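The residues making up each chain are set out below.
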Amino acid sequence: MFDELVRRWWIVAARGAVSVLFGIAAFVAPESTLSWLIKLFGLFALADGAFTMGAGLSVGWLTLFLEGFVGAAVGVVTLFAPTSFVELWLVVNIAGYAVLTGGIELVGALGLKSKARGSMVQGDWLLGLNGAISLLFGIILFFNTAMSAATLVMMLGGFALISGALLLAFAFNVKGWRAVLGSPAVAL
């Protein structure tokens, strides 16, 4: 499992990069319409879910695959459901995505730590922190569903930047496990 995760560290990095780009886009154009926000979030959730499902499949990690499935499903619903439905439920949709993926990331971080050999998994806390922040963000959104689109964009942008930075840090930490594993893991 660890060797496969090391080989595909770049998938986690791509997921982090997508998050950072989404966060930057949200701050660059916060005055954009709700339609733009819906499409951008839908694309973000779909891309994030696809990368995460790919990582889960490549390393045989069920919780990672499930996290990706949830993200992709939220992305598809956001992109293809009637606009009136999505506008009505956008904050709840984002909150649900954040809570579900955050919980799954916490479970994944704990599972990673329990399967680690020695001190190999030193960056598991990055994944766990990302999960905890995602959970907290989702809970905050659940209790503030009537916020303005501008506020939502700023909050979502900030969350995406923090989450992306943590995922990038985790990815580069995973890349460093190659030396600890002692096997010829090749980055694909």
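Structure: see above.
Notes on the structure in this doc start here. (Residues numbered from 1 in each chain as written. Predicted model: local features only at pLDDT ≥ 70, side-chain atom pairs only at ≥ 80, totals over all residues. Heavy atoms only, no water.)

With that settled, consider the overall build of the protein. Of the regular secondary structure elements, the protein holds eight helices and zero strands. Secondary structure elements of the protein, listed N to C terminal, follow the sequence α-α-α-α-α-α-α-α. For the protein, buried positions account for 46% of its 188 residues. Residue pairs at least 24 apart in sequence account for 80% of intrachain contacts in the protein once pairs closer than 6 positions are excluded. Total accessible area on the protein is roughly 8500 Å²; 75% of this is exposed by carbon and sulfur atoms. (Helix = DSSP H or I, 4+ residues; strand = E, 2+ residues; numbered from the N terminus. Buried < 20%, exposed > 50% of the residue type's maximum accessible area, 1.4 Å probe, protein only. Contact = heavy atoms within 4.5 Å. Areas by Shrake-Rupley, 256 points an atom, 1.4 Å probe, with all protein chains shown as cover.)

Between helix H4 (residues 62-80) and helix H5 (residues 83-115), whose axes approach to 9 Å, the crossing angle comes to 175 degrees. In terms of orientation, H4 and H5 fall into the roughly antiparallel class. Where H4 abuts H5, its residues Thr-63, Leu-66, Glu-67, Val-70, Gly-71, Val-74, Val-77 and Thr-78 lie against Phe-85, Val-86, Asn-93, Tyr-97, Leu-100, Thr-101, Ile-104, Glu-105, Val-107 and Gly-108. Looking at the contact of H4 with H5, its residues break down into 10 nonpolar, six polar and two charged. (Axes fitted to C-alpha atoms, helices over the stretch in contact; angles between N-to-C directions. Parallel < 35°, antiparallel > 145°, perpendicular 65-115°, else oblique. Nonpolar A, V, L, I, M, F, W, Y, C, P; charged D, E, K, R; others polar.)

We now examine the packing of aromatic side chains. Tallied over the full model, the rule gives six aromatic pairs. Relative to Phe-159, the ring of Phe-137 lies with its centre 4.4 Å away and its plane at 0 degrees, an arrangement referred to as stacked. One end of the pair, Phe-137, is in helix H6 (residues 124-142); the other, Phe-159, is in helix H7 (residues 149-175), with 22 residues separating them in the sequence. Classification of Phe-137 by relative accessible area gives buried; the value is 7%. (Phe/Tyr/Trp six-rings, centres within 6.5 Å; stacked < 30°, edge-to-face > 60°.)

Taking 1.5 Å per residue, 19 residues should reach 27 Å; H4 reaches 27 Å between its end C-alpha atoms and fits that length. Those residues of H4 that sit buried are Leu-64, Glu-67, Gly-68, Val-70, Gly-71, Ala-72, Val-74, Gly-75 and Thr-78. (Expected span 1.5 Å × (residues − 1).)

Right, let's get into the environment of Val-91. Looking at the secondary structure, you find Val-91 in helix H5. Of the residues examined, Val-91 reaches a relative accessible area of 9% and is grouped as buried. Here the alpha-carbon distance between Val-91 and Met-147, two residues 56 residues apart in the chain, equals 8.3 Å. Here Val-91 is in contact with Leu-141, Asn-144, Thr-145, Met-147 and Leu-152, once residues within four sequence places are set aside.

Structural measurements only, silent on function.
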